[in-house]
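Fold and contact review
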Amino acid sequence: MTGQDHRPRHFPPGRDEQPSGLPADAPGEAPGPELPGQPAAVQELLLALSLGFSLHSLLPGSLEHREDLDSVIHVAKDAGLISPDGSVVGTVHYALLSSTPPARIRALQRELVDRTAAEGRPLGDVARQLAQNGFQDPRIVAELERAAEGVLDSEPGLAAELYAEALLAGGQETTTAARRAQAAAALGDLDTAGRIVDRLLATPEAPHIRLGVDVAAAVWAQRGMLSRSADTYTWLGRDRIDGSAPLAAVAMIGSGNVAGAGQLAAASPEGSPTLLAVALSLTQQGLRQTLGPTPQIALPELIRASDMMNAAGTSIPLVETPAALAALCALHTGEAGIADMVLKAALAAGQGGNTARPRLFLLQAWTAMQQDNPDEARLAINEAVKANHWPLAPRDDFLLAALDVGLARRGSEVHELLLAWERAREAMMHVSVDLFSLLPWGELMIAAARLRETRRVGHYLDGVWHFLGRLGDAPLWSVPLHWAGVQAALLSESPAELAPHAAALVRASEHSHLASVLAAAGKAWVSVLAARFEASDVETAARGLASVGLPWEGARLAGHAAAHAEERRDMVRLLACARDIHPQGVSPSAPPQELAGASQADVSLHALAGEYGSPGVQDSSGLSPREREVARLILEGKTYREIGEAIYISPRTAEHHVARMRRRLGAENRSELLVRLRLALGEGYPPP
């Protein structure tokens, strides 16, 4: 199931693992013609070897006591019927199993199991072969289940195979349901895990119910419904929660039920001091501290939790890994470099197993995007998509959609942004708001404002603010979202919407360095848009943004201010600042022929000031009033002659206006020009 052959040492690869008993190298060949001519003793030896007996350790009693046993073995080997490793060649193996009466086969299989058990030896890979051939025996079931349990945390794919074979050997489904669900969930097969655990939770007095709840909670979280994870632990009850209390606390805090998490922690005793128990305890403690009056102490706690989980080397059902929580905490406090360090260590250690790898890679991509490394972000996205055999879970797919939007927005590719936005709108319908998804919602808030789509997603954003309100607007988690609100308000040219976010950043500045930097940056943006700014203040704000892991935003601020600077020395200073912060941002984004005769400053401004406008424009669309008139008529499908007649200009003048708009908006063809004009004019275009 994992695409690799992971078997414990006492379970080496079997020579026949086909469920029907057919050999792997000849699944459909007919019996060979050489077998009927062999002596009966040779055929009996070959049948015993085909069923799991061995030349080197154990043979049926009818053969062991033969005085001519060595001669029989030599005849079989000389005839080429036995391979050098002691196994029967494929065609002969198939012929014997097909022609021997079932009763004879079952008798030999029973003798094999009885004698192996009597000698106190494990069946090893023979147990798998017997189960695959349909032989049912409780001793085989017990051995397969023990082997599966031994590799469940480290090799869930192998564990799933062993549990399935135990069922073939007569095992009870309910007995191993929780562990089979854990194996499926660890592989990323959420549907199978969900179906198994659903039946388990509906069974009265079901065994291993706590593990079943852990799996169910992890599956709900990956489906983007963290509140259902918390509800599942509430259903389990305090009297049965025991060692799952830290997991339940993470689910409850993440879904906004801080009081429930606190009550649970107070009523739950400390677990044994194992690496895993310490990791889980540190995780829930660190997460709770992110909401307290001193959230700065939360990050070290979560990093230690991730370190302990890496050291434990085990994979259990988790609603969120310690590494992901530490990375989110770091990103929310302006420590993108630390987030990247934690994620790399977790991926190297295999924290959370296969099911956690896509999310860890996606968070690594977010860290790279925020630090203005789009190529690294795309590489991490590629790793996330191919991390396991299953499609991304809804929670991770939503994160990927927001990443695509963020990369397209930063790349100033309008067409790519529109495509990414539509996919994000579809992805957001599959998830609900929780504490661990605030960064994607912030990015989508900004994109919605830029695309004039805020009304279409307003109810989602209202849910985000309502969720934060339930947490008392916890500064560590809310500051980046308020910064997104500031950017969205700037793009929407809405002072009324900007004011509460700016005020929230100022309030949080008392306890948050990130908030103080963002508050200064927001103030600088407002002063630039009002054309009343000091270049030194803007430069300080821009470099501050870069220092908290937001170099693209800092360069955009400096570039936009340079576009509106009245003094040339201020323009040059701000462009140099933008170049220092974001070197690749000063390269031309329009074709060379369109920039012929432009100064280096003009070229730089073209690249850096695009999202909020460009020099000499009279409104946020980047178009003059006359160009807006022409744009409206173009979107109505008018020809140059019809445009001239409508606004009393010549057709050639209309054509000149369109060519100028193409250059200003960076459109390479007519279809792209139409897309950019719709964005420039806002909602309502094209008109009905």
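Because the structure is predicted, anything quoted here is derived from the model rather than measured. (Residues numbered from 1 in each chain as written. Predicted model: local features only at pLDDT ≥ 70, side-chain atom pairs only at ≥ 80, totals over all residues. Heavy atoms only, no water.)

Remarks on the overall build of the chain
Note the threshold: Secondary structure follows DSSP: runs of H or I at least 4 residues long count as helices, runs of E at least 2 residues long count as strands, and numbering of each begins at the N terminus. Throughout, exposure labels follow a simple rule: accessible area from a 1.4 Å probe, protein chains only, divided by the maximum for the residue type, with under 20% read as buried, over 50% as exposed, and the rest as partly exposed. The contact rule is simple, with two residues in contact once any of their heavy atoms fall within 4.5 Å. Exposure was quantified through the Shrake-Rupley algorithm and a 1.4 Å probe, taking into account, for residues, occlusion by the shown protein chains and nothing else.
Helix and strand counts for the chain come out as 36 helices and zero strands. Scored against the burial criterion, the 688 residues of the chain give a buried share of 55%. When contacts within the chain are restricted to residue pairs at least 6 apart in sequence, long-range pairs at least 24 apart make up 66% of them. Summing over all exposed atoms, the chain offers an accessible surface of approximately 29,600 Å²; the carbon and sulfur share of this is 53%.

Some points on the confidence of the model for the chain
Stated formally: The predictor's confidence in any single residue is recorded as pLDDT, a number from 0 to 100.
Across the chain, pLDDT averages 84, with 86% of residues at or above 70. Of all secondary-structure elements in the chain, the lowest mean pLDDT belongs to helix α32 (residues 600-608), at 39, while helix α18 (residues 322-332) reaches the highest, 97. Residue range residues 1-34 is modelled with pLDDT below 50. Its contacts to residues more than four positions away, or to other chains, number 72 contacts. Every residue in residues 612-620 is under pLDDT 50, and counting partners more than four places away or in other chains gives 18 contacts.

Some words on the environment of Glu149
What counts here: Counted as a polar contact is a pair of N or O atoms within 3.5 Å, where, for protein atoms, one must be capable of donating a hydrogen and the other of accepting one, and residues adjacent in sequence contribute only when both atoms are in side chains.
With respect to the secondary-structure elements, Glu149 resides in helix α7 (residues 138-151). On a C-alpha basis, the gap between Glu149 and Leu162 in space is 9.1 Å, while along the polypeptide they are 13 residues apart. In this structure the side chain of Glu149 is engaged in a polar contact, spanning 3.3 Å, whose partner is the side chain of Arg179.

Structural notes on helix α33 (residues 625-635)
Given 3.6 residues to a turn, an α-helix orients residues that are three or four positions apart in the same direction. Within the sequence span of α33, burial applies to Glu627, Arg628, Val630, Ala631, Leu633, Ile634 and Leu635. The secondary structure elements touched by the buried residues of α33 are α34 (640-647), α35 (651-665) and α36 (670-681). Of the residues trailing α33, Gly637 is marked for its positive phi of about 90 degrees.

Concerning helix α26 (residues 475-492)
Going by this rule: By this rule the span expected of a helix is its residue count minus one, scaled by 1.5 Å.
With 18 residues, α26 should reach 26 Å at 1.5 Å per residue; the first-to-last C-alpha distance of 24 Å fits that figure. Among the 18 residues of α26, 16 are classified as buried, and the element is accordingly described as predominantly covered. Phi for Glu493, located one or two positions after α26, is positive at around 55 degrees.

Notes on the nonpolar core
Generally speaking, soluble globular proteins have nonpolar side chains that are buried together. Basically, it comes down to this: We call a set of buried residues a nonpolar core when its members are Ala, Val, Leu, Ile, Met, Phe, Trp, Tyr or Cys and they connect through side-chain atoms within 4.5 Å of each other.
Of all hydrophobic cores here, the largest spans 117 residues; its most connected members are Tyr233, Leu435, Phe436, Leu444 and Trp477. Ala41, Phe53, Val72 and Leu152 belong to the second-largest nonpolar core, a separate cluster that totals 47 residues.

Observations regarding the side chain of Arg410
Within the secondary structure, Arg410 sits in helix α22 (residues 394-410). Residue classification places Arg410 among the buried positions, given a relative accessible area of 15%. Side chain to side chain, Arg410 and Glu553 meet in a polar contact 3.2 Å long.

With respect to unusual backbone geometry
With a phi close to 45 degrees, Asp242 is a non-glycine residue in the positive phi region. With a phi angle near 60 degrees, Ala531 is a residue other than glycine that sits in the positive phi range. Here Ala531 is to be found in the loop between α28 (513-529) and α29 (535-547). In this structure Ala531 comes out as partly exposed when scored by relative accessible area, which is 46%.

As for the packing of helix α16 (residues 275-289) against helix α17 (residues 298-312)
Packed helices, taken two at a time, are described by their axes: the angle between them and the distance between them. Heads up, the condition is: Under this scheme, a helix contributes an axis fitted over its contacting stretch, all axes are lines through C-alpha atoms, and angles between N-to-C directions fall in the 0 to 180 degree range. Just so you know how the angles are binned, under 35 degrees is roughly parallel, over 145 roughly antiparallel, 65 to 115 roughly perpendicular, and the rest oblique. Less than a right angle of anticlockwise turn of the near helix away from the far helix marks a crossing as left-handed, whereas a clockwise turn marks it as right-handed. Charged means Asp, Glu, Lys or Arg here, nonpolar means Ala, Val, Leu, Ile, Met, Phe, Trp, Tyr, Cys or Pro, and polar covers whatever is left, Gly included.
At a closest axis distance of 8 Å, the pairing of α16 and α17 adopts a crossing angle of 160 degrees. Put simply, α16 runs roughly antiparallel to α17. α17 is crossed by α16, and the crossing has left-handed handedness. Residues Leu275, Leu276, Val278, Ala279, Leu280, Leu282, Thr283, Gln285, Gly286, Leu287 and Gln289 of α16 lie in contact with α17, whose contacting residues are Ala298, Glu301, Leu302, Arg304, Ala305, Met308, Met309, Ala311 and Ala312. The residue inventory of the contact of α16 with α17, partitioned by class, reads 14 nonpolar, four polar and two charged.

Quick look at empty space enclosed by the protein
Formally: Space inside and on the surface of the protein is sampled on a 1 Å grid over the protein atoms alone, with a cavity defined as a set of points where a 1.4 Å probe fits but cannot get out and a pocket as an open set with protein on both sides within 12 Å along at least 5 of 7 lines; lining residues have an atom within 4 Å of a point. Grid points are joined across faces, edges and corners, and a volume is the space filled by probe spheres set on the points.
Under the definition given, this model contains six cavities of 30 Å³ or more. Of the voids in this model, the largest cavity is the one considered here, and its volume is about 270 Å³. Contributing to the lining of the largest cavity are 21 residues, with Gln370, Leu439, Pro480, Trp483 and Leu550 lying nearest its centre. Those elements that provide at least two residues to the lining of the largest cavity are α20 (357-370), α22, α24 (438-450), α26 and α28.

Digging into the environment of Ala427
Tracing the chain through its elements places Ala427 in helix α23 (residues 414-427). Among the residues examined, Ala427 registers a relative accessible area of 2% and is labelled buried. For the pair Ala427 and Pro394, spaced 33 residues apart in sequence, the C-alpha separation works out to 7.4 Å. Every residue in contact with Ala427, bar those within four places of it in the chain, is listed here: Asp397, Phe398 and Ala401.

Notes on the pattern of salt bridges
Defined as follows: For this analysis, a salt bridge means a side-chain nitrogen from Lys or Arg found within 4 Å of a carboxyl oxygen belonging to Asp or Glu.
Inspection of the entire model under this criterion finds 31 salt bridges. The partner of Arg115 in a salt bridge is Glu64, with the nearest N and O atoms 2.6 Å apart. One end of the pair, Arg115, is in helix α5 (residues 102-118); the other, Glu64, is in helix α2 (residues 61-64), and 51 residues separate them in sequence. Residue classification places Glu64 among the partly exposed residues on the basis of a relative accessible area of 33%. Between Asp137 and Arg139 there is a salt bridge, and its shortest N-O distance comes to 3.0 Å. Asp137 sits in the buried class, given a relative accessible area of 9%. By relative accessible area, which is 33% here, Arg139 ends up partly exposed. Here the residues in one salt-bridge network are Glu320, Arg359, Arg395 and Asp396, joined through shared partners.

As for the packing of aromatic side chains
Operational definition: Aromatic contacts are taken between Phe, Tyr and Trp rings whose centres are within 6.5 Å, Trp giving its six-membered ring; a plane angle under 30 degrees counts as stacked, one over 60 as edge-to-face, and the others as tilted.
By the definition in use, this model includes three aromatic pairs. Ring centres of Phe398 and Trp441 lie 4.8 Å apart, and the angle between their planes is 45 degrees; on these two criteria the pair is classed as tilted. You can see Phe398 sitting in helix α22 and its partner Trp441 sitting in helix α24, a full 43 residues away along the chain. Here Phe398 and Trp441 have matching classes, each one buried.

With respect to the packing of α18 against α20
Two numbers describe how α18 lies on α20: the axes approach to 10 Å, and their chain directions differ by 15 degrees. Between α18 and α20, the crossing angle belongs to the class labelled roughly parallel. With respect to the hand of their crossing, α18 and α20 are arranged in left-handed fashion. For the pair α18 and α20, contact is made by Ala323, Ala324, Leu328 and Leu331 and by Leu360, Leu363, Trp366, Thr367 and Gln370, respectively. Broken down by class, the residue content of the contact of α18 with α20 amounts to seven nonpolar, two polar and no charged.

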